[in-house]
Amino acid sequence: AAVANVLSGNGDINTNAAVTLTGNNSFSGAHHIGGAGALTVSQAGNLGASTATVNLDSNTAQLVLNGVSGSIANELSGVSGSTIDIVNGADTSLSADNSDFLGQYALSGNSTLTVASTANLGAGSNVALAGTQDRLVLGGFSGTFANTVSGNGILQVADSASVTLTASHGVGSTVTVDIADATLTLADIALFNHALTGNGTLNIDTANNTFNFGGNTGTAFAGTVDMSNSNFVLNGNNTSALHNALF
């Protein structure tokens, strides 16, 4: 059901059905989404003021950001198994501290989610990129990225970010890694077997161990590869990966 009424106040709104909010709301309280709840919005203002919180209280609770363009400053929390669906060409950034979100961000329909820190996602959350044009953008992000990312989409490092992936990273092998105007450091990773694109900087440091590119890396990366403290042989996939890069 669609609710076009303007919502105000600072109490609780409990959603336990499929509900779409279409009003430009001033509500500053707490949205609680239950087990049968699916709350859909198409702009940030549908949720209310930026001080309104959204709490996914069940492992079947859903928040649907349908084509949302712009920033969501509301604080998001959710239990493991809950889902925030980012769909229909959404281009959404999260700016709040969402450390208490433990569920999944599920992107589909050529959608983009941008974050600048782990706290924007929640360290315990994971990201699923359904299609090849669905993107998680680490924009201006600084530090180690450890969230699990799965699917067929793109993990993009952008906006002067300086991101580190360690050997225990959770980025699935079918996820393309794109380095735009940014730096990605591979720390103590022996094999990098993701499709690699972009024109930024890739730093590699294996603490004096062997490093290799895999067959999935391809030849599209046209940035700079800066390698230190690593054993690297220029043949096979390693040569191919550097075909368009500066080394």
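Below is a summary of the structure that appears in this document.

Another aspect to go through is the overall build of the chain. A count of helices and strands for the chain gives 2 helices and 27 strands. A globule of 247 residues ought to have a C-alpha radius of gyration of about 18 Å, and the chain, at 20 Å, matches this closely. By principal-axis analysis of the C-alpha atoms, the chain measures approximately 65 × 25 × 25 Å. Relative to its 247 residues, the chain shows a buried fraction of 47%. Contacts spanning at least 24 positions in sequence make up 23% of the contacts within the chain whose residues lie at least 6 apart.

So, about the environment of Ala-167. Tracing the sequence through the fold places Ala-167 in the loop between β19 (162-166) and β20 (170-171). Taking the C-alpha atoms as reference points, Ala-167 and Asn-46, separated by 121 residues in sequence, lie 41 Å from one another. The residues touching Ala-167, leaving out its near neighbours within four places in the chain, are Ala-187, Asp-188 and Ile-189.

This part covers the packing of aromatic side chains. Per the counting criterion, the structure on display carries 7 aromatic pairs. Each ring, one from Phe-213 and one from Phe-232, has its centre 6.1 Å from the other, and the planes form 85°; the classification is edge-to-face. Within this pair, whereas Phe-213 is found in strand β26 (residues 212-213), its partner Phe-232 is found in the loop between β27 (224-231) and α2 (236-241), the two being separated by 19 residues in sequence. Assigned by exposure class, Phe-213 and Phe-232 land together as buried. With a centroid separation of 5.6 Å and an interplanar angle of 55°, the aromatic rings of Phe-232 and Phe-247 are classed as tilted. A residue pair is termed long-range when its members are at least 10 positions apart, and Phe-232 in the loop between β27 and α2 and Phe-247 in the segment after α2 qualify at 15 residues. Residue Phe-232 is classed as buried on the basis of its relative accessible area of 19%. The class of Phe-247 is exposed, set by a relative accessible area of 53%. Members of the aromatic cluster, connected to one another through ring pairs, are Phe-192, Phe-211, Phe-213, Phe-232 and Phe-247.

To continue, consider the sheet that holds strand β18 (residues 154-158). Reading across from one edge, β8-β11-β13-β15-β18-β21-β24 is the order of the 7 strands in this open sheet, with parallel pairing throughout. Looking at which strands have only one partner, the edges of the open sheet turn out to be β8 (69-72) and β24 (196-198). Adjacent strand axes in the sheet meet at a mean angle of 20° when their direction is disregarded. Looking at chain direction, strand β21 (residues 176-179) and β24 are connected through 3 bridges and run parallel. The residue bridging Val-177 from the neighbouring strand is Leu-196, located in β24.

In this section: the sheet that holds strand β4 (residues 30-33). Where strands meet in a sheet, backbone hydrogen bonds hold them as pairs that are either parallel or antiparallel. Spatially, 4 strands are ordered β2-β4-β6-β9 in an open sheet, and the strand pairing comes out parallel. At either margin of the open sheet sits one strand with a lone partner, and together these are β2 (12-15) and β9 (75-78). Adjacent strand axes in the sheet meet at a mean angle of 15°, parallel and antiparallel pairs treated alike. Judged from the 4 bridges that link them, strand β6 (residues 53-56) and β9 form a sheet pairing that is parallel. When the sheet's bridge partners are listed, Asn-55 is paired in β9 with Ser-77.

Rules and cut-offs
- Residues numbered from 1 in each chain as written.
- Predicted model: local features only at pLDDT ≥ 70, side-chain atom pairs only at ≥ 80, totals over all residues.
- Heavy atoms only, no water.
- Helix = DSSP H or I, 4+ residues; strand = E, 2+ residues; numbered from the N terminus.
- Rg over C-alpha atoms; globule rule 2.2 N^0.38 Å.
- Buried < 20%, exposed > 50% of the residue type's maximum accessible area, 1.4 Å probe, protein only.
- Contact = heavy atoms within 4.5 Å.
- Phe/Tyr/Trp six-rings, centres within 6.5 Å; stacked < 30°, edge-to-face > 60°.
- Pairing = 2+ DSSP bridges.
- Axes fitted to C-alpha atoms, helices over the stretch in contact; angles between N-to-C directions.

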